[in-house]
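Each chain, letter by letter, is given below.
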Amino acid sequence: MLIGLSLAAFVSVVVAIGLGPVAVAPATVVRIIGHHTIGFPAEQTWARTDDSIIWEVRLPRVLLGAIVGAALGVVGVALQALVRNPLAEPYILGVSSGASTGAAAAILFGVGAGLGPESVSLMAFFGALGALALVLGLARSTGRITPSRMLVAGVAVSYLLSATTSLLILFADSTEGARAVMFWLLGSLVNADWSTLPIGYAGITAGITVVFWWRRRLDLLALGDETALASGVDPGRTRLVLVVVIALCVGCAVSLSGGIGFVGLAVPHIARRIVGPIHRHLVPAAATLGAVVLVWADVAARMVLQPRELPIGVVTGVLGAPVLVALVRKLPHNT
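Rules and cut-offs
Residues numbered from 1 in each chain as written. Predicted model: local features only at pLDDT ≥ 70, side-chain atom pairs only at ≥ 80, totals over all residues. Heavy atoms only, no water. Helix = DSSP H or I, 4+ residues; strand = E, 2+ residues; numbered from the N terminus. Rg over C-alpha atoms; globule rule 2.2 N^0.38 Å. Contact = heavy atoms within 4.5 Å. Areas by Shrake-Rupley, 256 points an atom, 1.4 Å probe, with all protein chains shown as cover. Lys, Arg positive; Asp, Glu negative; His and termini not counted. Charge placed at Lys NZ, Arg CZ, Asp CG, Glu CD. Disulfide = S-S within 2.5 Å. Buried < 20%, exposed > 50% of the residue type's maximum accessible area, 1.4 Å probe, protein only. 1 Å grid on protein atoms, 1.4 Å probe; cavity = no way out; pocket = protein on both sides within 12 Å on 5 of 7 lines; lining within 4 Å. Points joined across faces, edges and corners; volume = space filled by probe spheres on them. Nonpolar A, V, L, I, M, F, W, Y, C, P; charged D, E, K, R; others polar. Axes fitted to C-alpha atoms, helices over the stretch in contact; angles between N-to-C directions. Parallel < 35°, antiparallel > 145°, perpendicular 65-115°, else oblique. Left-handed = near helix turned anticlockwise from the far one by under 90°. Phe/Tyr/Trp six-rings, centres within 6.5 Å; stacked < 30°, edge-to-face > 60°. Patch = residues over 30% accessible without salt bridge, like charges linked within 9 Å, V, L, I, M, F, W, Y side chains within 5 Å. Salt bridge = Lys/Arg side-chain N within 4 Å of Asp/Glu carboxyl O.

Engineer: I'd love a proper account of the overall build of the chain, names of residues and values included.
Structural biologist: Assigned secondary structure in the chain consists of 14 helices and 0 strands. Its C-alpha atoms give the chain a radius of gyration of 20 Å, near enough to 20 Å, the size a compact globule of 335 residues would have. In terms of principal-axis extent, the alpha carbons of the chain reach across some 65 × 50 × 35 Å. The contacts in the chain between residues at least 6 apart in sequence include a share of 73% that link residues at least 24 apart. Of the roughly 15300 Å² of accessible surface on the chain, 67% is carried by carbon and sulfur atoms. Looking at charge distribution, the chain has the averaged site of its 21 positive side-chain charges lying 13 Å from that of its 15 negative ones.

Next up, the structure:
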């Protein structure tokens, strides 16, 4: 099943790159990528416009969608194990709200303009880290970090920062800036380019690697803190480290693509039905499935209302709500 999901992800990336107002055959897509990466074929036999569209526009966008989808899927798996709640999702810790507040401040009021052309992404990342610090401070204020404290602190911080973002939009002088913030809050891959991909890939790949490395600890945490302690695993320390890793993944993802819902909530459930609950299989399955889901959601976002483009968060919400309802109806009665 993992091999099948990997092949599906590869095919999805190649086909999605070729789809758009100017369609390009998958074979041509492969040749263009090979020409730019390994120098084969050496001779260019396709149109220059196709080369520019594929290499400079669509490939960075599809690759960004794949890594963001993988991050959201893996983070959803980790969070559902950490808090032992099947409906937990990546934004439950308020990290997304923090990133949104940072981005809104940068777009509307120029906060962090001295950070350079990537000031919006950097402010979103700093906002995510600040939200995480606040959640951890609240969760630890009365003792050891527990799933219930993390949930309550995350919900409180999320509401606080969402209200702050709404106030920033309300007091903005620029209507165009407010529209840009709203589009960014709903998620979009339109700003993907080769300059932003390396940082995002580095941070997200590191986070996914740590989650997979601690796959056995996730198995134990999912069974309860007592089981983890009996097996020699400190649940508090493990939870603290993994929460930081989760914030890194979500912060990188949101800073590059905005807020995208559903993926981190439903993909882990679908992956469990495919490969089972053991995290050795579940983590890579959620990563590849999340990549597939977000790549095709982005295809729908840019093709359904051509030449206009939908926010990708709208697409994932519309497509994901019925799937999530079906999953919830099939959950055991004691869940």
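Engineer: I'd like to hear about the state of the cysteines, residue by residue, with values.
Structural biologist: In total, this model carries 0 disulfides according to the counting rule given. Here C249 is not disulfide-linked; the sulfur of C252 is the nearest cysteine sulfur, at 7.1 Å. Relative accessible area serves as the criterion here: at 7%, C252 is assigned to the buried category.

Engineer: Summarise the environment of M182; cite the residues concerned and give the values.
Structural biologist: For M182, the position within the fold is in helix 7 (residues 175-185). Residue classification places M182 among the partly exposed residues on the basis of a relative accessible area of 40%. Expressed as a C-alpha distance, the spacing of M182 and G258, which sit 76 residues apart in the sequence, is 9.8 Å.

Engineer: How would you explain empty space enclosed by the protein if you had to name every residue and give the values?
Structural biologist: All chains considered together, the criterion is met by 1 cavity of 30 Å³ or more. Its volume calculated, the largest cavity comes out at about 40 Å³. Forming the walls of the largest cavity are L72, E89, P90, Y91, I260, G261, F262, V263, G264 and L265. A class-by-class count of the residues in the lining of the largest cavity yields 7 nonpolar, 2 polar and 1 charged.

Engineer: Break down the packing of helix 1 (residues 2-18) against helix 3 (residues 48-82) for me, citing the residues and quoting the values.
Structural biologist: It is the contact of helix 1 with helix 3, at a shortest axis distance of 9 Å, that shows an interaxial angle of 140°. By the angle class used here, helix 1 and helix 3 are oblique. Between helix 1 and helix 3 lies a crossing whose hand is right-handed. Along its contact with helix 1, which presents V13, A16, I17 and G18, the element helix 3 presents I54, R58, L59 and V62. Among the residues forming the contact of helix 1 with helix 3, the class breakdown is 6 nonpolar, 1 polar and 1 charged.

Engineer: Account for the packing of aromatic side chains, with residues named and values stated.
Structural biologist: All chains considered together, the criterion is met by 2 aromatic pairs. Between W55 and W194 the ring centres are 4.9 Å apart and the planes differ by 35°, which places this aromatic pair in the tilted class. With a gap of 139 residues between them, W55 in helix 3 and W194 in the loop between helix 7 and helix 8 (197-213) connect regions that are remote in the sequence. What makes W194 partly exposed here is its relative accessible area of 34%.

Engineer: Tell me about a nonpolar patch on the surface, and name the residues and values.
Structural biologist: Where nonpolar side chains cluster on the molecular surface, the patch consists of F109, V111, L167, L170 and F171 and spans about 510 Å² of accessible area. Of note, F109 is situated in helix 4 (residues 95-109). The class for F109 is partly exposed, based on a relative accessible area of 42%.

These values are about where atoms sit, not about what they do.
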